[in-house]
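The primary structure of each chain is shown beneath.
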Amino acid sequence: MSNAPVDKGRRRFLTVATSVVGGAGAVAVAVPFIASWNPSAKAKNAGAPVEVNIRKAEPGQLVRVKWRGKPVWVVRRTPDMLEELGDIEDKLRDPNSQEPQQPPYAANQYRSIKEEFFVAVGICTHLGCSPSYLASGMGEHVEGVESGFFCPCHGSKFDVAGRVFQGVPAPLNLVVPPHYFIDDNTILVGEDKGQA
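Residue indices follow the written sequence of each chain, beginning from 1 at its first position. Predicted model: local features are reported for residues with pLDDT of at least 70 only, side-chain atom pairs are reported and counted for 80 or more only, and whole-chain, interface and lining totals are derived from all residues. As a rule here, side-chain values cover all heavy atoms of the structure and leave hydrogens and water aside.

1. Comments concerning the UniProt feature "transmembrane region" (unreviewed entry) in the chain
Then step 1. With numbering aligned to this structure, UniProt lists the feature "transmembrane region" (unreviewed entry) at residues 12–35.
Then step 2. Helix makes up 100% of residues 12–35 and strand 0%, with an end-to-end C-alpha separation of 35 Å. UniProt positions are given in the numbering used here, feature names are shortened, and annotations may be inferred rather than shown by experiment. Strands here mean DSSP runs of E at least two residues long; helices mean DSSP runs of H or I at least four residues long; both are numbered from the N terminus.

2. So, the state of the cysteines
Then step 1. Note on disulfides: each one is a pair of cysteine sulfur atoms within 2.5 Å. On inspection of all chains with the given rule, the structure shows zero disulfides.
Then step 2. No disulfide involves Cys151; its sulfur sits 4.0 Å from the nearest other cysteine sulfur, which is in Cys124.

3. Remarks on the side chain of His179
Then step 1. Tracing the chain through its elements places His179 in strand β8 (residues 179–183).
Then step 2. Its relative accessible area of 2% is what places His179 among the buried residues.
Then step 3. At a separation of 2.8 Å, a polar atom in the side chain of His179 contacts the main-chain carbonyl oxygen of Pro177.
Then step 4. Contact criterion: two residues are considered in contact whenever any of their non-hydrogen atoms come within 4.5 Å of each other. Discounting residues that sit within four places of it in the chain, His179 has contacts with Tyr105, Ile113, Val119, Ile187, Leu188, Val189, Gly190, Glu191 and Asp192. Only protein chains enter the accessibility calculation, which uses a 1.4 Å probe. A residue is then buried if its area is under 20% of the maximum for its type, exposed if over 50%, and partly exposed in between. Between N or O atoms, a polar contact is any pair within 3.5 Å; within protein, one atom must be a potential hydrogen donor and the other a potential acceptor, and residues adjacent in sequence are included only when both atoms are from side chains.

4. Points about the nonpolar core
Then step 1. Among buried residues, those of type Ala, Val, Leu, Ile, Met, Phe, Trp, Tyr and Cys that are joined through side-chain atoms within 4.5 Å constitute a nonpolar core. Formed by 23 residues in total, the largest nonpolar core has its most connected members in Val75, Tyr133, Phe149 and Phe158.
Then step 2. Counting only elements with at least two residues in this core, the list comes to β3 (70–76), α3 (79–87), β4 (117–121) and β6 (148–151).
Then step 3. In this structure, Val50, Trp67, Val74 and Ile187 belong to the second largest nonpolar core, which totals 14 residues.

5. With respect to the environment of Arg11
Then step 1. In this structure, Arg11 sits in helix α1 (residues 8–35).
Then step 2. For the pair Arg11 and Ile182, spaced 171 residues apart in the sequence, the C-alpha separation amounts to 68 Å.

6. A closer look at α3
Side chains three or four residues apart in an α-helix point the same way, a direct result of the helix having 3.6 residues per turn.
Then step 1. All of the buried residues in α3 are Met81, Leu82, Glu84 and Leu85. Taken around the axis of α3, the buried residues stretch over an arc of 160 degrees, which confines them to a single face. Along α3, the residues that are exposed and aim more than 90 degrees away from the buried face are Pro79, Asp80, Glu83 and Asp87.
Then step 2. In the core, the buried residues of α3 are packed alongside β5 (132–134) and β7 (156–159). The reported arc concerns the directions from the helix axis to the C-beta atoms and nothing else.

7. Topic: the sheet that holds β6
Then step 1. If you trace the three strands from one edge of the open sheet to the other, you get β5-β6-β7, paired in antiparallel fashion. Since the sheet does not close on itself, it has two edges, and those belong to β5 and β7, each with one partner. The mean angle between the axes of side-by-side strands here comes to 25 degrees, regardless of whether they run parallel or antiparallel.
Then step 2. Note: two strands are recorded as paired if DSSP finds a minimum of 2 bridges between them. Of the pairings in the sheet, the one linking β6 to β7 comprises four bridges and is antiparallel in character. Note that in β7 the partner of Phe149 across the bridge is Phe158. A fitted line through C-alpha atoms represents every axis, and for helices the fit uses only the stretch in contact; the resulting angles, taken between N-to-C directions, go from 0 to 180 degrees.

8. So, the sheet that holds strand β2 (residues 62–67)
Then step 1. On the basis of which strands lie adjacent, the open sheet formed by three strands has the order β2-β3-β4 and antiparallel pairing. Pairing within the sheet leaves two strands with one partner each, and these edge strands are β2 and β4. With strand direction ignored, the average angle separating the axes of adjacent strands in the sheet is 20 degrees.
Then step 2. In this structure, β2 lies alongside β3, joined through six bridges in antiparallel fashion.

9. Concerning unusual backbone geometry
Then step 1. In this structure, Arg68 is a non-glycine residue whose phi angle is positive, near 55 degrees.
Then step 2. Topologically, Arg68 is positioned in the loop between β2 and β3.
Then step 3. Of note, Arg111 is a non-glycine position whose phi angle comes to about 55 degrees, a positive value.
Then step 4. The residue Arg111 is located in the loop between α3 and β4 in this model.
Then step 5. According to the relative accessible area criterion, Arg111 is buried, its value standing at 0%.

This is the structure we're talking about:
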């Protein structure tokens with residue numbers, strides 16, 4: 001070792017410089033690491049609300065869209081379909097939508113904002129199959145019912161408002177997602193009105 005005096009100024013400078021470079025290096029490593037926790041653009045888009053154009057939907061027609069990887073149905077119901085809803089309530093498990101399978105604004109006989117349009121997630125509440133929409137011919141599965149949804153996997157049946165019939169495996173009504181009408185021809189699925 002040298003007998004030269006210790007240069008405290010130089011030692012302080014080297015300590016501070018090393019600390020600054022080390023801190024900058026830690027930040028340079030931490031920023032991309034923390035940024036990797038954010039969802040990708042693909043993941044953000046998968047959960048984004050979906051606009052559904054209903055202008056060309058004919059009475060009795062079902063329009064399918066995909067929201068959050070799930071099928072969403074928009075059914076334009078006919079006056080006969082709407083009239084049928086009140087006649088079959090004694091055959092339903094939850095006719096008044098007491099179970100929270102829909103937003104508060106859809107907890108009515110029609111399970112919708114506008115009577116004519118029914119919006120639902122097209123997944124059976126039993127085991128997750130996708131029921132078939134029967135605009136007519138539902139009478140083969142439920143006596144006195146002309147239209148509705150039938151799940152061929154295990155035989156669950158739903159009316160055209162997505163309400164489950166008694167005596168079938170599905171325990172709950174079909175899920176009504178959050179949605180609202182942007183205008184007369186467009187529904188936004190995945191967001192309630194006024195939600196940012």
